Number of protein chains: 2
Amino acid sequence: MNGLKEKVLTLDTMNQCVRRVEYAVRGPIMLRALELEQELRQGVKKPFTEVIRANIGDAQAMGQKPITFMRQVLALCVDPELLSSSHFPEDAKRRAERILQACGGHSLGAYSVSSGIQLIREDVARYIERRDGGIPSNPNNIFLSTGASDAIVTVLKLLVAGEGRARTGVLIPIPQYPLYSATLAELNAVQVNYYLDEEHAWALDVGELRRALHQARDRCRPRALCVINPGNPTGQVQTRECIEAVIRLAFEERLFLLADEVYQDNVYAEGSQFHSFKKVLTEMGPPYAAQQELASFHSASKGYMGECGFRGGYVEVVNMDAAVQQQMLKLMSVRLCPPVPGQALLHAVVSPPGPSDPSFAQFQAEKQAVLAELAAKAKLTEQIFSKTPGIRCNPVQGAMYSFPRMHLPPRAVQRAQELGLAPDMFFCMRLLEETGICVVPGSGFGQREGTYHFRMTILPPMEKLRPLLEKLSQFHAKFTLEYS
Amino acid sequence: MNGLKEKVLTLDTMNQCVRRVEYAVRGPIMLRALELEQELRQGVKKPFTEVIRANIGDAQAMGQKPITFMRQVLALCVDPELLSSSHFPEDAKRRAERILQACGGHSLGAYSVSSGIQLIREDVARYIERRDGGIPSNPNNIFLSTGASDAIVTVLKLLVAGEGRARTGVLIPIPQYPLYSATLAELNAVQVNYYLDEEHAWALDVGELRRALHQARDRCRPRALCVINPGNPTGQVQTRECIEAVIRLAFEERLFLLADEVYQDNVYAEGSQFHSFKKVLTEMGPPYAAQQELASFHSASKGYMGECGFRGGYVEVVNMDAAVQQQMLKLMSVRLCPPVPGQALLHAVVSPPGPSDPSFAQFQAEKQAVLAELAAKAKLTEQIFSKTPGIRCNPVQGAMYSFPRMHLPPRAVQRAQELGLAPDMFFCMRLLEETGICVVPGSGFGQREGTYHFRMTILPPMEKLRPLLEKLSQFHAKFTLEYS
């Protein structure tokens, strides 16, 4: 009885759905990058002096400064003794007092209600109304969350049901942000791929959506459709016509719509404009406006604020069955509440200073500076990659990433296969080892068979981005030569 | 095609596991309490002037002040411009600088690695070593989380596998904190109840554990055992002998141990002492020390800090299979990272100021004041309930709750059944309507058939707690009379 026993929890006995989960953004490339950073600190000689983490949309890690007003409000909420300090502008103080009034015990340290602080949900609703040209938003349909990821998982969780061929199928774009594939694997739902059209700047083609849907009906019951707009990793911004077509299809085919709109403030390309699914849906009138079910997600992690670490987000649900909405609230209540500092931060996002407020000028200047720099970086990325032989890059219309396609010589593909690696993983790993540049292979997001991509953020500071893009292009040329 | 369609997502088509989830701490009583508060604000006449939320362990909502040092460190991290302010003591500044150094871009706004900031995990490990008299703790076995709840759900998720009679069974105490029953329902695992011994101050009886285990083998494969110590909602503090017996049983019966130790700082009764499962396990030597699998959970939400809103917590895993541990990290990485402000707060919890630091005296005074007041409230609760006819209350040795048993007259039970309510829910709902006192019925935590309890926190401020306990006792007498 006291001999060496096998563990209770092993790879074989554990949850096999969890085992099947993959998450490339923080996969082997990221782990190796961490090791390399440690080696550099220990003085190990490398062909580079720093690892540049262009693998994840983490703006502040890349040196972007927080928006002053937001941090002032939050510091005042955290330590209300500061309310008597002259260091802070009056509007930041009023804002902090307003938030604290709405907190249990007037403290960020109390739990909020599970859907988030009422005041903040009301202000989110007003923000959505302004964004959507006055279309009403009801705070009772808004649920704050631990980043947008948390809300996306919650809505997907509600949707998953059935066994065998009646299992819930969820349509996701390919390439996609791997939260979707990971969550569907964990929930044992069926992932149904529809391919974005790389030849047309990653546009969503409704014909392809219909193909994917109809083919999927043989093996599952498709019940939800995920759209990421602006696109991650693909950077496209959908046209209004496209969104209308998607809504019509969702309605006809009885699909619950999930609109991942966390990059709604990140639109750079001339002629591109963000249209929310909620607004388009409402303006399409009957039968869509009053019937099509939709969940729209937003976050404090992206945009111009980039406050990823605070994990503040929300979902607005539209036309959701009232009883299901109660179930969603119940499910959220088991985790008690989203982090209250993230809620407070979200408040500053949805209620920025107005023109008569003392913080207005600085706030606007900081916001515009961040967005203008992102736009310039998007442009520069496209320019450099478009001049690189063997690399083809669509315009980065929005979001924070380029997703260039690269030619890999057959011998490189063969070598990768010998090593048991996806060819683009092989490329990215070599790139990291030789240049310190950390990007994510396209296989982590999905891509058409036989094509190879990588995702790279546009976030490194301007003075680093240009040499980085050039280094990457040169490495690709060298790599191609090596395997030709 | 354009007629009124049934919704895609309804109670019938949704995830039925989610539908079965129950979470009493924020159930109908809480919702009614919110309504009553709103009615009071609108000037509706009630037999009380305020609702007292004694339903949830939310210390700061009940007026407990945050620990000054913690909030100072956090404010400095949020707004590093304050580092040059004379408002803050030097040790708080040094601490904030240390945390920011360990953050991406030196900002709380960057994502951390998914297991949490390395520096903070190292300091958690040192904290555990101090707590456990020098027994080593490895930062690689520590995972920070969004409150302890998040970590508990993650570990349970890993454990759930199998179908039919091979489904994972998880032993949980009855009464339990309903996170466990809710999570098991959501994951479609089998809940296996073992009853705590109310006649012996809610002690855990290993014979009863064995009974539950053996009976469960007919319907599932029991693979994990959850223990809550100090107990929630029951307030018992386990003896070292009891913990040893539990560990022996877990080892013999091949059960993964989950030790919910979030109330480890909340021990009040004379002669009671907190023993961590990790320490006892290690001191038991072979074969337990090197083989028994354990996950121990802790949080910044309870103790003397009560920072629930920040959602800071951690799990330490012991003897976990290395490959499974990698899977756990992967699973966490899909959600990117726990909220960084909560991580920073946890740092202040695990590394309090030392005797030579300027903040030491104030920190100690504040901490002791909170713990002394909680101890006094625990005592008072027990005293008043023990004098109340028809109510029987075990000593509140630890944690933050009393879980008194009450006699309900048969006619009250009958009336409740006519209304389709659990008898204790009927009592608690009437109590709320007539006195404004919000407590949770025992049925939400589980109790032996035919017994009735409620959970009440000991958190209301002293000047409110005594009248509240007396009012509750009087209401019980009145209620009993009414239905006799």
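For chain A, an unreviewed UniProt entry supplies the name Alanine aminotransferase 1 and the organism Trichechus manatus latirostris. For chain A, the Subunit (unreviewed entry) comment in UniProt is given as "Homodimer."

A. Structural view of the overall build of chain A. If you tally the helices and strands in chain A, you get 17 helices and 14 strands. Each principal axis of the C-alpha distribution contributes one length, and for chain A these read about 70 × 65 × 55 Å. Across the 484 residues of chain A, 63% fall into the buried class. Contacts spanning at least 24 positions in sequence make up 72% of the contacts within chain A whose residues lie at least 6 apart.

B. Focus on the packing of helix H3 (residues 68–78) of chain A against helix H13 (residues 340–350) of chain A. Residue and element names in this part refer to chain A. Following both chains from N to C, one finds H3 and H13 inclined at 140°, their axes separated by 9 Å at the closest point. Looking at the two axes, H3 sits oblique to H13. Read as a crossing pair, H3 and H13 show a hand that is right-handed. Together, Phe-69, Met-70 and Leu-74 of H3 and Pro-341, Ala-344, Leu-345, Ala-348 and Val-349 of H13 make up the contact between the two elements. Of the residues assigned to the contact of H3 with H13, the class counts are eight nonpolar, no polar and no charged.

C. The sheet that holds strand S2 (residues 142–146) of chain B, seen in detail. Residues and elements named next belong to chain B. Here we have seven strands laid out as an open sheet, ordered S2-S8-S7-S6-S5-S3-S4, and mixed in their pairing. Strand pairing shows two members of the sheet lacking a second neighbour, S2 and strand S4 (190–195), which therefore form its edges. For this sheet, the mean inter-axis angle between neighbouring strands, taken without regard to orientation, is 25°. Sheet topology note: the strand S3 (residues 168–174)/strand S5 (residues 221–228) ladder contains four bridges and is parallel. Bridge pairing in S5 places Val-170 opposite Ala-224. Sheet strands in contact with helix H5 (residues 118–131) are S2, strand S7 (294–299) and strand S8 (312–318), and its direction is about 110° off that of S2.

D. Structural view of the pairing of strand S7 (residues 294–299) of chain A. Residue and element names in this part refer to chain A. Here S7 lies mainly inside the structure; six of its six residues are buried. As judged from the six bridges shared by S7 and strand S8 (residues 312–318), these two strands associate in the antiparallel manner. Residue pairing across strands places Ala-295 opposite Val-317, the latter belonging to S8.

E. Quick peek at the domain arrangement of chain A. All names here are of chain A. Domain annotation for chain A reports domain 1 (16–63 + 364–482) and domain 2 (98–350). On a C-alpha basis, the centroid separation for the pair domain 1 and domain 2 is 27 Å. Between domain 1 and domain 2, the residue contacts involve 38 residues of the former and 38 residues of the latter. When domain 1 packs against domain 2, the two sides together hide about 3,100 Å² of surface, and 56% of this comes from carbon and sulfur. Connecting domain 1 to domain 2 are two salt bridges. Taking the shortest distance from any N to any O, the salt bridge between Arg-405 and Glu-199 comes out at 3.9 Å. Counting the contacts that link domain 1 with domain 2 gives 16 residue pairs in polar contact (both at pLDDT 80 or more). Looking at the side of domain 1 that touches domain 2, the elements with two or more residues in it are helix H1 (16–20), helix H14 (360–386), strand S10 (401–402) and strand S14 (452–457).

F. Just the packing of aromatic side chains, in detail. All names here are of chain A. Counting across every chain of the model gives 28 aromatic pairs over all chains. Between Phe-427 and Phe-479, the ring centres sit 5.1 Å apart and the planes meet at 90°, which makes this aromatic pair edge-to-face. Taken together, the positions of Phe-427 in helix H16 (residues 423–435) and Phe-479 in helix H17 (residues 462–482) put the pair 52 residues apart, joining distant regions of the chain. Residue classification places Phe-427 among the buried residues on the basis of a relative accessible area of 0%. Judged by relative accessible area, Phe-479 falls into the buried class, the value being 1%. Feature note: the residues Phe-385, Phe-426, Phe-427, Phe-454, Phe-475, Phe-479 and Tyr-483 constitute an aromatic cluster, connected by ring pairs.

Cut-off values and rules
- Just so you know, the residues in each chain are numbered from 1, in the order the chain's sequence is written.
- To label them, take the chains in the order written and letter them from A, then take the ligands in the order written and number them from 1.
- With the structure being a predicted model, the display of local features is reserved for residues of pLDDT at least 70 and the display and counting of side-chain atom pairs for 80 or more, all residues being used for whole-chain, interface and lining totals.
- To get the side-chain values, take all heavy atoms of the structure and skip hydrogens and water.
- UniProt positions are given in the numbering used here, feature names are shortened, and annotations may be inferred rather than shown by experiment.
- Helix and strand definitions here come from DSSP, where helices need a minimum of 4 consecutive H or I residues and strands a minimum of 2 consecutive E residues; each element is numbered from the N-terminal end.
- Residue exposure (1.4 Å probe, protein chains only): buried if accessible area is under 20% of the type maximum, exposed if over 50%, otherwise partly exposed.
- Residue contacts are defined here by distance: any two heavy atoms, one from each residue, within 4.5 Å place the two residues in contact.
- Helix axes are fitted to C-alpha atoms over the stretch in contact, other axes to C-alpha atoms as well, and angles between N-to-C directions run from 0 to 180 degrees.
- Roughly parallel means an angle under 35 degrees; roughly antiparallel, over 145; roughly perpendicular, 65 to 115; everything else is oblique.
- If you view the pair so one helix is near and one far, a crossing is left-handed when the near helix is turned anticlockwise from the far one by less than a right angle, and right-handed when it is turned clockwise.
- Amino acid classes used here: Ala, Val, Leu, Ile, Met, Phe, Trp, Tyr, Cys and Pro are nonpolar; Asp, Glu, Lys and Arg are charged; the rest, including Gly, are polar.
- Whether two strands pair depends on DSSP finding at least two bridges between them.
- Those domain boundaries reflect an automatic or database domain assignment.
- Once two parts are brought into contact, the accessible area they lose, counted with a 1.4 Å probe and summed over both, makes up the buried area.
- For salt bridges, the criterion is a side-chain nitrogen of Lys or Arg within 4 Å of an Asp or Glu carboxyl oxygen.
- We define a polar contact as two N or O atoms separated by no more than 3.5 Å, with the added condition that, inside protein, one atom must be a possible hydrogen donor and the other a possible acceptor, whereas residues neighbouring each other in sequence contribute only through side-chain atom pairs.
- Here a Phe, Tyr or Trp ring, Trp counted by its six-membered ring, pairs with any other such ring whose centre lies within 6.5 Å, and the pair is stacked when the planes are under 30 degrees apart, edge-to-face when over 60, and tilted otherwise.

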